[in-house]
Amino acid sequence: MELNIKEQLEQIRATAKDRLAQIGSSEELENLKVKLLGKKGELTNVLSQMGKLPPEMRPAVGQAANEVRSFIEEKIKTAKQQLEERELLRKLENEKLDVTLPGKAHRTGKKHPCSVVLDEVKDAFISMGFTVASGPEVEYDYYNFEALNIPKYHPARDTQDTFYFTDDILLRTQTSSVQIRTMEKIKPPIRVIAPGRVYRIDEVDATHSPIFHQIEGLVVDKGITMSHLKGSLDIIAKKLFGESIKTRIRPDYFPFTEPSAEISISCFKCGGEGCKFCKGEGWIEIGGAGMVNPKVLELLGIDTNEYSGFAFGMGLERLVLRRYNIDDIRMLFENDVRFLESL
Amino acid sequence: MNVPYRWLREYTDVNVEPKKFAHEMNMTGTETTGFTRVADTIKNVVVGLIEKIESHPNADKLVVCSVNIGKSENIRIVTAAKNMKEGDLVPVALDGSVLASGKEIRTGDLRGVTSYGMFCSVEELGLSVNDFPGSVADGLLILNNGACDFNGAPGDDICKALSLDDTVFIVDIVTNRPDCLSIIGVAREAACTFRRPFAVKKPSYTTGGGNVSDYLSVSVEDSQLCPRYMARVVKDIKIAPSPLWLVEKLRDCGVRAINNIVDITNYVMLEYGQPMHAFDYECVGGGKITVRRAAEGEKMNTLDGQERSLDSDTLVIADAVKPIAVAGVMGGENSEIKPETTTIVFESANFFAPSVRKTSKKLGLRTESSARFEKGLDPLLAKEALDRACELICMLGAGTVVDGTVDINNAPSVIKTVPFEYDWINAYLNITASKEEMTDILERLGMKVENGVITVPSFRSDIENKYDIAEEIAKFYGYDRIEPLFFKADVKSGGYTKEQKFEIRLGEALRAAGLDEIMTYSFVSPKGFDKIRLAQDAPERNALKIKNPLGEDTSIMRTTALPSMLEVLARNYNFRNPSAYLYEIATVYIKNADETKLPDEKKVICAGFYGEKGDFYTMKGIVESVLTAMNTKECEFVACTDNPSYHPGRAAKIVADGKTIGVFGQIHPLAAKNYGINDELYAAEIPFDALFEATAPEKTFTPLPKFPAVTRDLALICKDETTSGEIEKKIRALAGPCLEKIEIFDVYKGAQVAFGHKSIAYALVLRSDEKTLGESDIETIMTNIINGLEKDGISLRR
């Protein structure tokens, strides 16, 4: 009798392994579990014969039965895990997507390329303790010319053909007017940039626009020298165009700076070797600069024995066209969404 | 300006490669934009002597020439040209030669006779008839034509024989350096740049008796406009072409050779930078020259054949009765040098720069002369130039200089001095130049340095103080030798202002709402006002007008940004872009009542779109998202029926605190049509200041709710004209503090509701701060709302 029960238990254990191996789904597994371990299952069925055994034999048989149960439970757990893994893999396989189909877009607008570059320039200066100043676009002749050492009939006015409203009020031709307004308002030390629109009579073509933007900079402090002008331009160029950019200044003439300089940077396409982009020169002109003319400082009541300063101006559009490789300035004002969204 | 290297080297022995020359000059302030050399284009063209001309065996129009090209054997050239004879010297393009146009010439067969090259015309050498006296446009260039002094021999390279082998630099002179608008001026800069010697020979010549006062009397009526007037008379004039060396120099400078007298004035102008003029003495009525202002409306014909109407601001050179030149700008036709001229008056004067500039602008006449005078010339230069002109007269044998010079000199003779502060210069530039190096530079530039004082030569009108001296030192010491340093300064609180930060965030919010930024012109067409249907008396129509606009379309400063936006939308529409969603933070210019004052420049946020099935509520959503992002105070939207630019039933005003801060909606179909669009356009306009001022105080944290919320739907029936805004207001008032949120989830009009009515369905979120709302609490609130609405004729939809 005892032997019989033990044999039965052994048989359940032996066959369970094979039967589990043939299981294909969670459902089958559940059914098998009930069949083996359930209330009316095979194991319970065998154990129900225990009552017929003599009491002294029951513990040993009971222990054997528990071992079989544990064994089967362990096997079922493992089988279940494997089954779940297989089923998950199958599910993931079925959920496979074509990742090359387009995304569900949330429409976000684009900054105008001029704003992108201007914001970078502003941030670069802000990080060096500058503030951003502004002044009117419709301006008095005084601020745009006279105070900048460009009296009426000065030939330098020729290079800046001007739109007028009255003999005295005009559309500013340079943001340098803001230099004067700034120095009227605040005393040195001064560290400002003044970006803004400027206007010059120019027929519209691929390289000319009657409206464009300049970024003016002004530093007035004690002990400012030409070295500082050069060093500051150098830092700005590096911040805007990368660490490998070199800056070059060479003599030029502006009535409101003395000495004056033209600012060029090494070509950011060829690094100065000379290419199609920089017309073989290796350098790209980006603006003008100089030490603030003492006549200008004195006009504004700044003591030139104590203070000196430098100023610079850059054309924004030129930077934008170069950076994005745009060959026609009109694109910037045309506002074709295909253009705006392509950058 | 063109600067021939050969001519420049008459004053200094600079002899570096052209590329190096250009680079170094650029670095010392004489902008040299490039250089050319004709000899680099023309190849293998030589002087040939036509020894024999025979008829062509097979062609009547061709002849066969035997040409001596300096070799042991003559070559054969077949030509259709007619203007040569045996014994003529002509340019011969040999086999494998290249002409100025880049055309290649090869040995070829011409009707059965081999031609070993081709004869050339002036044009084929890249020249014009002015560049070679006696030459013709339609025929060969006959080199020994008797009209000039050609002395090349057979076999000579044509580029050498015609001095086409020189390098010509193209320089751009800055406006404060009129002294450099001359070969001598540029040579001085070059000599200093390369630290080479520099010298200008003092002109010397002989005079032939007589006295200028027997011929001429001069009076200057306005000495402010004419600080100096010098004149000399030259008699026994023999008008002839200039010698080749002179013609070639003018050619290289881009100036046409005319005859010896005119050429001399041009030559001196190019060389010294002092414009000169020659009058035919016969035409100087009464032998009297008066430098005076023109009478109002006085007329004269200038050398270019144009009649000019003058006014009293114009300075003229007049004889006893009539003007014979516009001072400093252009001579008169009536006193022009003619082939039969026998006596001339050379004028070398100094005119007041602003006056010349003004006159030249007014007449729309810019000449080589006015371009120099208007920058302010040195009065001393007048004499040097006049002497040089007389020297050239003698050199060319063109006439006899009469003794005596007219010189009316009212120019103040001030000797400018500047203290030599070399320590300060070193500090200002942050360089370490020795006193000797600085002195050397200054002396090379024509300054005298003695006892700590710099004497500035009169031709350097630009130098006034130590800063100007510092600039000269910097230029020739080398900008590239200045060490770049960042300035040391106290820490400053830089950064953006509150308003600037607001604008940055505003841009972000507009882009987050799906709009692309645009950039449009600030001057616009006045037609835009009609296009957006503004009333005739609308204040916006009172815009600032530009006196000298590029055109009508860009003639006024905008007072509204809407036309700019609509134009851009229309442009995109015409480009067939399916949609455009745009914004601009635009400046508008509000005219000041006092026209001597500046306008008010204000920023306006302008948004606009079409396409992608966007409608009124799309724009409202955009506006709302921007208002939220900008933390604007609670806003109300009020129907806007009276803005002529917008659809009367589809526009709203944005109202914060009882103040209108903007408007948006569908553009009036008639306005859209004015922009050529038969589609729905939407726009929004919000003045920047209004939005900025409507900013709510910064929010602080309120504890998250402790008790759960319940949601109740409420479907209502109301009259068509009742707005959702009104109902919402009523519900809020009736519900009391437990109403946390109210949202519309459906609006219905149609068969299911009575005519003239609509159904609106709301979802209400109710919550109490004190307890979990029970069924009876909710019932009380809902009943209150329903009963309240019922009284106003808004009923529950059943």
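Residues numbered from 1 in each chain as written. Chains lettered and ligands numbered in written order. Predicted model: local features only at pLDDT ≥ 70, side-chain atom pairs only at ≥ 80, totals over all residues. Heavy atoms only, no water.

Draft legend 1. Region of the structure containing empty space enclosed by the protein. Under the defined criterion, the tally for this structure stands at 8 cavities of 30 Å³ or more. Together, 16 residues line the largest cavity, and B:Gly29, B:Val174, B:Asn176, B:Arg177 and B:Lys475 are the ones closest to its centre. Listed by contribution, the elements that provide at least two residues to the lining of the largest cavity are strand E6 (247-252) of chain A together with helix H13 (466-477) of chain B. For the lining of the largest cavity, the leading source of residues is H13(B), giving 3 residues. Here the residues of the lining of the largest cavity are counted per class, giving 5 nonpolar, 3 polar and 8 charged. (1 Å grid on protein atoms, 1.4 Å probe; cavity = no way out; pocket = protein on both sides within 12 Å on 5 of 7 lines; lining within 4 Å. Points joined across faces, edges and corners; volume = space filled by probe spheres on them. Helix = DSSP H or I, 4+ residues; strand = E, 2+ residues; numbered from the N terminus. Nonpolar A, V, L, I, M, F, W, Y, C, P; charged D, E, K, R; others polar.)

Draft legend 2. Region of interest: the packing of aromatic side chains. Taken as a whole and assessed by the stated rule, the structure comprises 34 aromatic pairs over all chains. Measuring from centroid to centroid gives 5.2 Å for B:Phe609 and B:Tyr682, while their planes differ by 25°, and the two rings are stacked. With B:Phe609 in strand E31 (residues 600-610) and B:Tyr682 in strand E35 (residues 682-687), this residue pair connects regions lying 73 residues apart in the sequence. Taken individually, B:Phe609 and B:Tyr682 each receive the classification buried, so the pair is uniform in this respect. Directly above the ring of A:Tyr143 sits A:Arg181, whose terminal nitrogen or CZ lies 4.0 Å from the centroid. (Phe/Tyr/Trp six-rings, centres within 6.5 Å; stacked < 30°, edge-to-face > 60°. Buried < 20%, exposed > 50% of the residue type's maximum accessible area, 1.4 Å probe, protein only. Lys NZ or Arg CZ within 6 Å of the ring centre and 35° of its normal.)

Draft legend 3. Expanded view of the sheet that holds strand E26 (residues 453-456) of chain B. All names here are of chain B. Taking strand neighbours across the sheet as the criterion, the 3 strands line up as E24-E26-E25 in an open arrangement whose pairing is antiparallel. A single partner strand is all that each edge strand has here, and the edge strands are strand E24 (416-419) and strand E25 (448-450). Strand after strand, the sheet turns through a mean of 25° between neighbouring axes, direction not considered. In terms of strand pairing, E25 meets E26 through 3 bridges, oriented antiparallel. Bridging from a neighbouring strand, valine 449 pairs with isoleucine 454 of E26. (Pairing = 2+ DSSP bridges. Axes fitted to C-alpha atoms, helices over the stretch in contact; angles between N-to-C directions.)

Draft legend 4. Looking closely at the domain arrangement of chain B. Taken domain by domain, chain B comprises domain 1 (2-37 + 166-193), domain 2 (39-161), domain 3 (212-409), domain 4 (416-481), domain 5 (498-693) and domain 6 (710-796). The gap between the C-alpha centroids of domain 1 of chain B and domain 5 of chain B is 54 Å. (Domains from an automatic or database assignment.)

Draft legend 5. Fine view of the interface of chain A and chain B. At the interface, 92 residues of chain A touch 84 residues of chain B. Interface of chain A and chain B: buried area, both sides summed, is about 7,400 Å²; carbon and sulfur atoms make up 57% of it. In terms of surface lost to chain B, no three residues of chain A exceed A:Arg107, A:Tyr153 and A:Pro251, which account for 10% of the buried area on that side. Here chain A is connected to chain B by 6 salt bridges. Notably, a salt bridge pairs A:Arg107 with B:Glu612, separated by 3.0 Å at the nearest N-O pair. For the pair chain A and chain B, the number of links is 38 residue pairs in polar contact (both at pLDDT 80 or more). Among the elements that line the side of chain A that touches chain B, the one with the most residues is helix H8 (residues 226-241) of chain A, at 8 residues. Each residue belonging to the side of chain A that touches chain B can be placed in one class, and the counts come to 40 nonpolar, 21 polar and 31 charged. (Contact = heavy atoms within 4.5 Å. Buried area = accessible area lost by both parts, 1.4 Å probe. Salt bridge = Lys/Arg side-chain N within 4 Å of Asp/Glu carboxyl O. Polar contact = N/O pair within 3.5 Å; in protein donor to acceptor, adjacent residues only side chain to side chain.)

Draft legend 6. Geometry of the environment of B:Asn15. Residues and elements named next belong to chain B. With respect to the secondary-structure elements, asparagine 15 resides in the loop between helix H1 (5-8) and helix H2 (18-27). When its relative accessible area of 61% is taken as the criterion, asparagine 15 is described as exposed. Residues asparagine 15 and tyrosine 5 lie 10 residues apart in sequence; the distance between their C-alpha atoms is 9.0 Å. Setting aside residues up to four positions removed in sequence, asparagine 15 forms contacts with Tyr5 and Arg9. Within the structure, the side chain of asparagine 15 is placed 3.4 Å from the side chain of arginine 9, a separation counted as a polar contact.

Draft legend 7. Seen up close, the layout of surface pockets. All names here are of chain B. The volume enclosed by the second largest pocket comes to roughly 1,900 Å³. Taken together, 45 residues form the lining of the second largest pocket, with Lys620, Glu624, Phe637, Gly725 and Glu728 sitting closest to its centre. Going through the elements one at a time, helix H17 (616-629), strand E32 (635-639), strand E33 (646-656), helix H20 (724-735), strand E37 (739-748) and strand E38 (757-766) are the ones with two or more residues in the lining of the second largest pocket. Grouping the amino acids of the lining of the second largest pocket by side-chain chemistry returns 16 nonpolar, 11 polar and 18 charged.

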